[in-house]
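Tertiary structure, described
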Amino acid sequence: AKGDNYSQGGETAKGWITHFWDQPYNHNDNISAQADPKQAYIIALGVNEINKKMPVGQMATDINLQNYLRNADTFAGNYAGIIQRMKSIQPDAFFFLVTIPDNKGDARQPYNDVIRQMPSLFSRTYLLDIDRYGPSYKPGSPFRERYFLGNHLNAAGYQYTAWMFLTYIDHIIRTHPRDFDQVAFIGTHYKY
């Protein structure tokens, strides 16, 4: 498997569109999300929107399903815009959307509500609800004491998180095997 990391510290959904799609200029060798479409994407954004107090927006009014350039400049509009952009170059790709963990307190809930609604709007899109089913990230929790270094995960924490995501995705695939039976053909001209 080959993967790319379209991320950098402090990134927001709006910033991702600018730094990885519109004008690739980022701390990841200026990597462009358009250069090498993937079969699947994991999107874990929202923490920095909370930190920067960016508007959440509304699913019903901020997302234009016909033209992502008309999405509102809100978390909902920009987050959906990422999925729409990636679908424009890889229509059959799968998306796994990660909720914001509990270390952000109640401020996370409106953002998580948006993330939780995205799978109903987009095909081949699934939720990794680590806020509900993952460990507590709160200050003083055993997970935070063991797997954090300052405000970010340490190396072991990122490893733990990778395995948590992979286990969750494996569960989704095993629960919905027919959804994934054509995955080998994504990005090719072949279909069964």
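Scroll up to find the structure.
Presented here is an overview of the structure given in this document.

**Some details on the sheet that holds strand 2 (residues 94–98)**
With parallel pairing, the 3 strands of this open sheet are ordered in space as 1-2-3. Bordering the open sheet on either side are strand 1 (40–43) and strand 3 (125–128), each of which pairs with just one other strand. With direction set aside, neighbouring strand axes in the sheet form an average angle of 20°. As defined by bridge partners, strand 2 adjoins strand 3 across 4 bridges and the pair is classed as parallel. Among the inter-strand pairings, Phe95 is bridged to a residue of strand 3, identified as Thr125. Sheet strands touched by helix 5 (residues 108–121): strand 2 and strand 3. Its angle to strand 3, the strand with the most contacts, is close to 150°. Packing of helix 8 (residues 155–175) onto the sheet brings it into contact with strand 1, strand 2 and strand 3, and relative to strand 3 it is tilted by some 130°.

**Quick word on the pattern of salt bridges**
Evaluation of the coordinates by the stated rule reveals 12 salt bridges. A salt bridge links Lys2 to Asp36, with the shortest nitrogen-to-oxygen separation between them at 3.0 Å. Taken as a pair, Lys2 in the segment before helix 1 (13–22) and Asp36 in the loop between helix 1 and strand 1 lie far apart in primary sequence, 34 residues in all. The partner of Arg132 in a salt bridge is Asp129, and the shortest N-O contact between them spans 3.4 Å. Exposure remark for Arg132: the relative accessible area of 52% places this residue in the exposed category.

**As for helix 8**
Its 21 residues give helix 8 an end-to-end C-alpha distance of 30 Å, which sits within 8% of 30 Å, the value for a rise of 1.5 Å per residue. For helix 8, every residue scored as buried is listed here: Gly157, Thr161, Met164, Phe165, Tyr168, Ile169 and Ile172. With its buried residues spanning 125° around the axis, helix 8 presents them on a single face. Those residues of helix 8 that are exposed and angled more than 90 degrees off the buried face are Ala155, Trp163, Thr167 and Arg174. Contacts made by the buried residues of helix 8 are with strand 1, strand 2, strand 3, helix 6 (130–133), helix 7 (142–147) and strand 5 (152–153). One side-chain oxygen of the residue at the start of helix 8 lies 3.1 Å from the amide nitrogen of Ala156, identifying that residue as Asn154.

Calculation rules
In this convention, every chain numbers its residues from 1, walking through the sequence in written order. Local features in this predicted model are restricted to residues whose pLDDT is 70 or higher, and side-chain atom pairs enter the listing and the counts only when it is 80 or higher, whereas totals over whole chains, interfaces and linings include all residues. Where side-chain values are given, they derive from all heavy atoms of the structure, hydrogens and water being excluded. Strand pairing follows a simple DSSP-based rule, namely that at least 2 bridges must link the two strands. Helix and strand assignments follow DSSP, with helices taken as H or I runs no shorter than four residues and strands as E runs no shorter than two, numbered in order from the N terminus. In this analysis, axes come from line fits to C-alpha atoms, helices being fitted only over the stretch in contact, and the angle between any two N-to-C directions falls in the range 0 to 180 degrees. Throughout, a contact is declared for two residues whenever any of their heavy atoms are within 4.5 Å. Here, a salt bridge means any Lys or Arg side-chain nitrogen found within 4 Å of an Asp or Glu carboxyl oxygen. Relative accessibility thresholds used throughout: buried, under 20% of the residue-type maximum; exposed, over 50%; partly exposed, between the two (1.4 Å probe, protein chains only). Any helix carries an expected span of 1.5 Å times its number of residues minus one. Comment: arc refers to directions from the helix axis out to C-beta atoms. Polar contact criterion, stated in full: a pair of N or O atoms within 3.5 Å, where within protein one must be able to donate a hydrogen and the other to accept it, and residues adjacent in sequence count only if both atoms are side-chain atoms.

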